[in-house]
Amino acid sequence: MGLMRDIFMTELMGGMKLVFLQMFKPSCTLQYPHVKHNVPDGYRGLMSLLRYEDGSERCVGCSLCEAACPSNCIKVVSDEVPGQPLVRYAKEYYLDITRCVFCGFCTEACPVDALAMTKVYEASVYDRRELMFDKHKLYELGEAHLADGKAYLLAHNMDDGTLNPTEGLGDNRYEFPPVDLGEGVPVPTTVGLTREALEAEVAKS
Amino acid sequence: MELAMTVGLAVFQIAIVMGVVLLSVAYMTYAERKVLSFMQDRLGPMEVGPYGLLQPIADGLKLFFKEDIIPSSANKLIFAIAPIICLVPALIGFAVMPYNETYAAFGGEAGVISDLNVGLLYILAFASVGTYGVILAGWSSNSKYAMLGGLRCGAQIISYELALGLSIVGVLLLSGSLSLREITMAQDGGFWHWNILLQPVAFVTYVISAVAETNRLPFDMPEAESELVAGFFTEYTGMRFAFFFLAEYANMILVCCLASVLFLGGYEAPMEFLNFIPGFIWLAIKTWALLFFFIWIRGTFPRVRFDQLMKFGWKVLIPITLANILFTALGVYIYNN
């Protein structure tokens, strides 16, 4: 039997049959630039900054993301909102995507859910300088991928949806507390106002 | 006038045969990539043209415009000549390949460029010359990988050429001629006249030796990329590299064409009623079936070790072919008396 197996090369023929049949199975190639994978909600793509529904910036310039970043690619320049003492925002915000390791620690560090990651993974550009994201670019990305950013926050349990139940997704809006600046110093009239009233106040002054 | 006609006929046939062979070489690379891809659940080239059909042309253009690098320590003359020595014998074998039944053209009879009465010997002789190209390429590159690849190629081709030649002898004994046209004509009249039925062992040994002879997987020791980078053409670039590539595929087509002529009836139709299909189409079908087989075994078998290769050639194939010759000779002797 062994000799006959050797002469007719049974094992080799078995292998060849298997390979031949494999030829008719459908391919598992994805024709990438033409067809794309569905990216899951928790996907860590390019970073973006989000705005609230009323269009105001979420970021309060606390620099916690800068502290959490393991590759030191974030730089926040914090400043007071003009005419609103103690109400802070990020005057400048730089994110060097060439150094970013896409760990998502910054989004976890953010107390107001201002940072979120989008599903954008095609970040190639011809000029490296375009990968130095500034505040403008990050907000642009956030506007373009707002739904993705919110889905990211939800997927990573950073938003339990309690603060803004009508949307199904909370905003974790940070309410600046009224402050006592001490004897003799007038308390700014803006503290404790709603955002619309505050903006009207700023526009007046 | 007669001279002009003869020359015209020769040029006409050379143009046809070379055109078809070079086109087949180009599309053999495409077919190989596609079939291998399907065997590995991939799609293969898909971008250039519909289903990647223009890929060979794109590759050819790319190779043509690539920079030609000659290593500074290489022997420049031999380095330049080696690809040509490799390519010419691969193409020249088609001169004696009968591609169709005799037909009238330019006032003469066409069907084969030159019906040499020693056609088979001619092909075998030129196949050996091709080895020089490989060995010289390996030596002149002045690189250890190329050198090893060239030496391996020399050893392998000499060993397997023996088995290749010996497996053909059985066919020669049956048809009594070295002319490929006469061998084809002896197999006329249906597939039960084909030599493969009388010489099945010789066919198997021929195909195995042909795979080794053309340096194809699983016997691609001269260019074993996991050991020798790219073997004998490691240092070659651009068009010179393309020449080796062309030579490899032209050689494959040559041995498959030869196998069709020797064992599968060449341009003869398998059944009488199929005679309305022209002969060159039958030859192409048979050749491409064998070429598919070459790709198929490439997709199936891993590369053998070099000592196993040598052992298989000398201790298994050559004794089998010798025994085959003995039995064929006995059979022919008894049949004729």
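Here the structure is shown first, and the text comes after it.
Asker: Run through the packing of helix H5 (residues 144-175) of chain B against helix H12 (residues 306-336) of chain B, naming residues and quoting values.
Answerer: All names here are of chain B. Taken N-terminus to C-terminus, the directions of H5 and H12 make an angle of 15 degrees; their axes are 9 Å apart at the nearest point. Relative to H12, the element H5 lies roughly parallel. The chirality of how H5 crosses H12 is left-handed.

Asker: Just give me the short version of the environment of B:Phe219, but keep the residues and values in it.
Answerer: Residues and elements named next belong to chain B. Within the fold, Phe-219 resides in the loop between helix H8 (200-213) and helix H9 (225-228). Judged by local crowding, Phe-219 falls into the buried class, with 26 C-beta atoms found within 10 Å. Residues Phe-219 and Gln-156, 63 residues apart in the sequence, show an inter-C-alpha distance of 8.8 Å. Those residues in contact with Phe-219, other than ones at most four positions away along the chain, are Gln-156, Val-211, Ala-212, Val-304 and Leu-309.

Asker: Report on unusual backbone geometry, specifying residues and quantitative values.
Answerer: Not every positive phi belongs to a glycine, and A:Ser63 is a case in point at roughly 65 degrees. In this structure, A:Ser63 sits in the loop between strand E1 (47-49) and helix H3 (64-68). In this model, B:Tyr51 sits at a positive phi of 55 degrees, which is unusual for a non-glycine residue. Relative to the helices and strands, B:Tyr51 resides in the loop between helix H1 (2-39) and helix H2 (55-65).

Asker: Residue-level account of the environment of A:Met132, with values.
Answerer: Residues and elements named next belong to chain A. Considering the arrangement of structural elements, one finds Met-132 in strand E5 (residues 132-133). Along the sequence, Met-132 and Leu-95 sit 37 residues apart, while their C-alpha atoms lie 6.1 Å from each other. Dropping the residues within four chain positions of it, Met-132 is found in contact with Tyr-94 and Asp-96.

Asker: Report on helix H6 (residues 146-155) of chain A, specifying residues and quantitative values.
Answerer: All names here are of chain A. Taken together, the buried positions of H6 are Asp-148, Gly-149, Lys-150, Tyr-152 and Leu-153. Taken together, the buried residues of H6 touch E1, strand E4 (115-117) and helix H5 (135-144). Among the residues trailing H6, Asn-157 stands out with phi positive, at a value near 55 degrees.

Asker: I'd love a proper account of the environment of A:Leu50, names of residues and values included.
Answerer: All names here are of chain A. Relative to the helices and strands, Leu-50 resides in the loop between E1 and H3. Spatially, the C-alpha atoms of Leu-50 and Leu-138 are 8.3 Å apart, while their sequence positions differ by 88 residues. Leu-50 has contacts with Arg-58, Ala-114, Ala-116, Gly-142, Leu-146 and Gly-149, leaving out every residue within four places of it along the chain.

Asker: Explain the interface of chain A and chain B to me, using residue names and the numbers behind them.
Answerer: Each partner contributes residues to the interface: chain A has eleven residues there, and chain B has nine residues. Tallied by class, residues from the side of chain A that touches chain B come to five nonpolar, five polar and one charged.

Asker: So, helix H11 (residues 279-300) of chain B: which residues are in play, and what are the values?
Answerer: An ideal rise of 1.5 Å per residue puts 32 Å on 22 residues; H11(B) measures up with 32 Å between its terminal C-alpha atoms. For H11(B), the full list of buried residues reads B:Gly279, B:Trp282, B:Leu283, B:Lys286, B:Thr287, B:Leu290, B:Leu291, B:Phe294, B:Ile295, B:Ile297, B:Gly299 and B:Thr300. In this fold, the buried residues of H11(B) make contact with helix H2 (10-22) of chain A together with H1, H8 and helix H10 (238-263) of chain B.

Asker: Any details on the sheet that holds strand E3 (residues 84-96) of chain A? Residues and values, ideally.
Answerer: Residues and elements named next belong to chain A. The three strands lie next to each other as E2-E3-E5, forming an open sheet whose pairing is antiparallel. Only two strands of the sheet have a single neighbouring strand rather than two, namely strand E2 (74-81) and E5. With two bridges joining them, E3 and E5 adopt antiparallel strand pairing. Of the residues in E5, the one forming a bridge with Leu-95 is Phe-133. Seen against the sheet, H5 touches E3 and E5 and runs at an angle of roughly 90 degrees to E3.

How each quantity is defined
- Residues numbered from 1 in each chain as written.
- Chains lettered and ligands numbered in written order.
- Predicted model: local features only at pLDDT ≥ 70, side-chain atom pairs only at ≥ 80, totals over all residues.
- Axes fitted to C-alpha atoms, helices over the stretch in contact; angles between N-to-C directions.
- Helix = DSSP H or I, 4+ residues; strand = E, 2+ residues; numbered from the N terminus.
- Parallel < 35°, antiparallel > 145°, perpendicular 65-115°, else oblique.
- Left-handed = near helix turned anticlockwise from the far one by under 90°.
- Buried ≥ 20, exposed ≤ 12 C-beta atoms within 10 Å, placed from the backbone.
- Contact = placed C-beta atoms within 7 Å.
- Nonpolar A, V, L, I, M, F, W, Y, C, P; charged D, E, K, R; others polar.
- Expected span 1.5 Å × (residues − 1).
- Pairing = 2+ DSSP bridges.

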